[in-house]
Amino acid sequence: MKQVLIRSMAYLAFASVSAFVFAAQPTEKDAIAMAERGAAFMKASGKEALMKKLAAKDPEFVQGELYVDMRDINTGIVIAHPINPSIVGKNLTDVPDASGKVYRREIIQLAARDGKGWVDYMYKNPVSGKIEPKTTYILRVGDVVLEAGIYKK
């Protein structure tokens, strides 16, 4: 009886955590908050410190499909990307998404003009592995553009 009770309690604990983790899809507010958290950290600790946190996939800045990445506003070069580190150091400004949209150029233009805002495009979801519609919050911090996006369900 004791083993059954322990197994039942363990199952309920796992089910509760799983339901919380998988049911809570990130929202636009979550993306804004994450980008602002990145900006505050960068202002307090420096660009290189944030780059290290992103490279290490620090849970403060990487939570499932929601994460922060960084781009140089002047060159368009990706300077930190926790999910796809192979693009760090590359200028992909004019590489289109799956639908042909040159969204990275739009990101840079929006950041330079308004300092913040949203850009929609198609991108590979790191959780599902599929190309899906995504909207990303753009936040300029000095010569850096921080980006935190959510997938549209």
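Cut-offs applied
- Residues numbered from 1 in each chain as written.
- Predicted model: local features only at pLDDT ≥ 70, side-chain atom pairs only at ≥ 80, totals over all residues.
- Heavy atoms only, no water.
- Core = buried A, V, L, I, M, F, W, Y, C linked by side-chain atoms within 4.5 Å.
- Buried < 20%, exposed > 50% of the residue type's maximum accessible area, 1.4 Å probe, protein only.
- Helix = DSSP H or I, 4+ residues; strand = E, 2+ residues; numbered from the N terminus.
- Contact = heavy atoms within 4.5 Å.
- Salt bridge = Lys/Arg side-chain N within 4 Å of Asp/Glu carboxyl O.
- Pairing = 2+ DSSP bridges.
- Phe/Tyr/Trp six-rings, centres within 6.5 Å; stacked < 30°, edge-to-face > 60°.

Undergrad: Would you mind going over the nonpolar core with me for this structure?
TA: Soluble globular proteins tend to bury their nonpolar side chains together. Leu-50, Leu-54, Val-68, Met-70, Leu-146 and Ala-148 are the most contacted members of the largest nonpolar core, which totals 21 residues. For this core, the elements supplying multiple residues, two or more each, are helix 2 (28-45), helix 3 (47-55), strand 2 (66-72), strand 3 (78-80), strand 5 (131-141) and strand 6 (144-151). What Leu-54 contacts, discounting residues up to four positions off in sequence, is Phe-61, Val-68, Asp-69, Met-70, Ala-80 and Pro-82. Core analysis: the next-biggest nonpolar cluster, separate from the first, contains 17 residues, Ile-73, Tyr-103, Ile-107 and Val-145 among them.

Undergrad: Mind showing me how you'd approach the pattern of salt bridges here?
TA: Where charged atoms from two side chains of opposite charge come close, those side chains can pair. Going through the model one piece at a time under the given rule, you end up with nine salt bridges. With its nearest N and O atoms 2.7 Å apart, the salt bridge here joins Arg-71 to Glu-147. Note that Arg-71 is positioned in strand 2 and Glu-147 in strand 6, a separation of 76 residues in sequence. The exposure class of Glu-147 is buried, given its relative accessible area of 3%. In this structure, the salt-bridge partner of Arg-105 is Asp-94, at a minimum N-O distance of 2.8 Å.

Undergrad: Sorry, what's going on with the environment of Glu-36 here?
TA: Summarising the element assignment, Glu-36 is placed in helix 2. When the C-alpha positions of Glu-36 and Tyr-137 are compared, they lie 9.9 Å apart, and in sequence the two are 101 residues distant. Among all residues touching Glu-36, those that are not within four sequence positions of it are Tyr-137 and Leu-139.

Undergrad: How should the pairing of strand 5 be read in this particular structure?
TA: The side chains of a regular strand alternate, first on one face of the sheet and then on the other. For strand 5, the buried fraction is high: eight of the eleven residues fall into the buried class. Relative to strand 5, strand 4 (residues 116-124) is paired through nine bridges, and the arrangement is antiparallel. Looking across to strand 5, one finds that Val-119 is bridged to Thr-136. Between the antiparallel neighbours strand 4 and strand 5 lie six residues, among them Gly-129 with a positive phi of about 80 degrees. Pairing geometry for strand 5 and strand 6, over eight bridges, is antiparallel. Bridge pairing in strand 6 places Tyr-137 opposite Ala-148.

Undergrad: How should I be thinking about the packing of aromatic side chains in this particular structure?
TA: Working definition: an aromatic ring pair is given by the centre-to-centre distance plus the angle between the planes. Enumeration over the complete set of coordinates arrives at five aromatic pairs. Their ring planes at 55 degrees and their centres at 5.3 Å tell us that Trp-118 and Tyr-137 sit as a pair that is tilted. Residue Trp-118 is found in strand 4, and its partner Tyr-137 is found in strand 5; the two are separated by 19 residues along the sequence. Since its relative accessible area comes to 5%, Tyr-137 is described here as buried. A network of ring pairs unites the aromatic residues Tyr-103, Tyr-121 and Tyr-123 as a single cluster.

Honestly, that's just the spatial picture; any functional story needs more than this.
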